[in-house]
Each structure stands twice: as C-alpha cells, then as structure tokens.
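Read off the chains here:
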Amino acid sequence: MRRGTNLPWVGDYNQAVVLDGIRRHPGTSRTELAAATGLTLQTVSNIVRRLLDRGLVQEGVPAGARGSLAPARTRAGGKPRTALSVRPGQALAVGVQFEREHVDAVLLDLSGELLASVREQLPDPTGPAASVRPAVGHATHAVRRLVDGSGCADAVLGVGVAAPGPIDFTGPVRSSAINLPGWRGVAIADLLAASTGLPVLVENDATAAAVGDLWRSPRVGRSFLYLHVGAGIGGGVVVRDEVLRGESGNAGEVGHVVVEPDGPACSCGARGCLEAVAAPVAVVRRYGERVGAAAARAAGLRLAEHTVLDDHDRLELLARGGDAVADEELARAAGAVARAVLGVVNVVDVSEVVLGGGGLRRTGERVREAVRRGLGVAMTREVHPVTVRSGEAGELAGALGAASAVLHEALSSTWTGVHVPDREIVISPVAPVH
Ligand SMILES: [Zn+2]
C-alpha cells in the first residue's frame, strides 16, 4: 500500500491513498489502513467518513460482485474492526481504443470490473470513406450505447481514449496518429467531448494499457514495461508504480527503437525501427511480397488494410502448419521484439515485461518465448529476475487502461497525465446508503 503523510496541506493526496487502499484490499479496516499508510487513526477515520458521505465507500464487503454485504463488524484480537470496501457502481468510466480496423469501448466500475464492451467496425482506412469523422462517429455511438445501457449515466465520470502516439499534449489535445491514415493533428479529445458531452482524456495506447495493468493489480511497488502490439507497437513504462510519461507524455515509443540498422523504412523517417520490422502490417506485407499476392490469398490471407490483424493470425496458423515463409517472417518479428525489449529493460531496470494487444492474439506464445530468451543476457539477471507474461486484459488492454486512467485520475492519484478540454472531471455527490 502507498504511504500517506500527516502534513495538513496534502489532505487530497491522503484521501486518494486511503481510497486506493480500500479498493485494492476489500475488507480492510481503519486500523489496518492507518498501519499500512502511516497515517494516524484519526486522519484515516476522518477520510473514511468523507468517503462514506460521498457514497464511494461502504462498511462491509459484498459477498459476490453485486451480492449482499457480509457482516461489517467482526472481532479481531478482542477489538471490534469494521471492514470497508468501495461501492463499485458509484464511479464508472468509459474507455475507447482506436485500432486500424475497429474501435472498442468498455465500461469499467470503481473496482476495475469490466461491466460491458462494444466493438464497432471502421470503414477500410484506405477506402474513400476513410477519414476521422466516421471514426469519431463510431466511437461516439459506442460510448452512448455503454452510457445509456449502464442505467446510471450520472455515475460516468468521463471517457478515456487510448490512441496511437505520438500525441501532442501542448495545445488542445491532438492525437497525431501516424499509424492511422488521415489522422495527423486530430483533436480527438475535443471532438469526442463535443459529441458525447462527457469529459475526455487522451493517453498513448501503450501507456494506457500499462495504467490499466497497474490499476487492476493488488501488488504495489511494481516496475514493468508494457509492450502493446496493435496496429503499431508502443510501450508503457512503470517504475515503482509511477507511470513514466516523459517530457511530453510520449515516453515509451519502443516501436521506434532501431532493431535492424539497414532494415525497412519506417513511417517516422528512420530505418529499421521495431515497428517497421515487427508490426503485424509489416509482417503481413513481407509475406505477401515473398510468396506473391495470389499465393497469399490462396493461403487464406485477405491482404486488405482492415484485415491486417486477421491476416497476421492466419500467418501463425500457416507457420504451425509448416509454411516456412510464414515461420521465418514471424520469427524475424519476434526476434526484433526481443532485441528492443532487452534494450528497454536494460535502460529502465524493470522486473516485469507484460505483452498485450491484438497483434499478439495468436503469436503471443512465440513472442513471449523470444523475449524470455532475449532477457537471458539482461544486465540485472543476477540481481533480480525479469518475468515475462501476457497482459490479462488481452485485446481490450488499451480501452480498459484508458477507462482506468479516468478513474485513476479522478479518484486516486497524483498522476498529472490528464488532459481534459474545457471541463474538469468532477465527482458528483451521490445519495447516501440506505
Ligand atoms: Zn520509426
């Protein structure tokens, strides 16, 4: 659990610490919170009273996700203790994730539980209908479906958007998404705030995925790299629970680490970037070039911009079935990922690598193994192990992370990565428990 401080001028920070402690440890008591945070029992009691008044916390722990409350008061060591838990439905957030082929939206509650998700297909980004407006229209529709379907629209704090970087956070929030054609300089937050009527924050998709992983984890003091493989490749870095955002919110662009100095040209202007070598679109394109379009189609690929992830999945199946070209190209990509990850791990000294995103639906095991092997020469290998695993959020990692970022920002953190046009995220008062 994070440590609080008893200095009087940081009351809000302490409230965030206490709420975070209750959220991560349902059933904890005021006494345990005081011991874990270093705050006095009186300070904890005052904060808990405020949280109870706002309806964000309750006495007792739900037996099931929405079940009845277990007895709130038990006796431990002769002293009565009152178990505390959050009231998950009192604060909701929507997360939106744009991919080349579709937009995903999720509804998350305060406990981090996924309440609902929707996916809307986007027009083929190379076709005549491709532009920002239809994509924002689909996203707006998806958000509306979730908010209206929630039955408690008033509890929705805002919308988090996971967008491919780099993102210009300096003016109105512009997402200059070089991976999505036609998306340069799009003020995605302004557009979505106007179309949904909700506060919007934007986060780099890989950083959002990292925030989501952090938000749902009961453990504290984590240091990890989240490698997100979607249309492009990005990274989110967390060091001892702090999200590394960099000078402009664009830290972690692992996709533009050079892995093959004489490799293919990258959209960023460099040569041999990880993304140019290992992103699903690059792997599928190379396979098509090597075997020819007709043979690729005969093998089940569709070779359209909006079918890249499906085609990429197909390549893994072909490789397992003995297709040597598919196997070589996927191995080249996995090796490139492993080289880039090793470099990042050596630079930032993390103890976990989390792999996620739609580009790893089928190739996850292959990439995980390559990364694990690559880390065999990590500088810290004799100091601490570096574990490699797949993110539990799967393909929705960016959307879940973006929703988590809204909750994280609104309720429990000192993170400064929020960018809300015109309005602040405000927690409206809720009715007391009856
Ligand atoms: Zn690049």
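Note that the structure is a prediction, hence the values are computed from the model and not measured.

A word on the coordination of the zinc ion
And step 1. The zinc ion binds to the protein through H256 (ND1), C266 (SG), C268 (SG) and C273 (SG); the donor distances cover 2.0 to 2.3 Å.
And step 2. Around the zinc ion, the four donor atoms are arranged such that angles at the metal cover 103 to 122°; this shape is classified as tetrahedral.
And step 3. Residue H256 is classed as partly exposed on the basis of its relative accessible area of 22%.
And step 4. Here C268 falls in the partly exposed class, since its relative accessible area comes to 42%.

Quick notes on the packing of helix α11 (residues 324-348) against helix α12 (residues 364-374)
And step 1. Running from amino to carboxyl end, α11 crosses α12 at an angle of 45°, the nearest separation of the two axes being 8 Å. The orientation of α11 with respect to α12, classified from their angle, is oblique. Remark: the crossing between α11 and α12 carries right-handed chirality. Here D327, L330, A331, A334, V337, A338, V341 and L342 of α11 come into contact with α12, specifically with R366, V367, A370, V371 and G374.

Comments concerning the sheet that holds strand β12 (residues 224-229)
And step 1. Here we have five strands laid out as an open sheet, ordered β14-β13-β12-β15-β16, and mixed in their pairing. In the strand order of this sheet, the two ends are held by β14 (242-244) and β16 (387-390), each with one partner. Averaged over neighbouring strand pairs, the angle between their axes works out to 25° when direction is ignored.
And step 2. With three bridges connecting them, strand β13 (residues 233-239) and β14 associate as antiparallel partners.

With respect to the environment of W215
And step 1. Mapped onto the elements of the fold, W215 is located in helix α6 (residues 205-216).
And step 2. Relative accessible area serves as the criterion here: at 2%, W215 is assigned to the buried category.
And step 3. A sequence separation of 193 residues divides W215 from H408, and the C-alpha atoms of the two residues are 7.4 Å apart.

Basis of the calculations
- Residues numbered from 1 in each chain as written.
- Predicted model: local features only at pLDDT ≥ 70, side-chain atom pairs only at ≥ 80, totals over all residues.
- Heavy atoms only, no water.
- Donors = N, O, S within 2.8 Å, 3.2 Å for Na, K, Ca; no water.
- Tetrahedral: all angles 85-135°; square planar, octahedral: opposite > 155°, others 65-115°.
- Buried < 20%, exposed > 50% of the residue type's maximum accessible area, 1.4 Å probe, protein only.
- Axes fitted to C-alpha atoms, helices over the stretch in contact; angles between N-to-C directions.
- Helix = DSSP H or I, 4+ residues; strand = E, 2+ residues; numbered from the N terminus.
- Parallel < 35°, antiparallel > 145°, perpendicular 65-115°, else oblique.
- Left-handed = near helix turned anticlockwise from the far one by under 90°.
- Contact = heavy atoms within 4.5 Å.
- Pairing = 2+ DSSP bridges.

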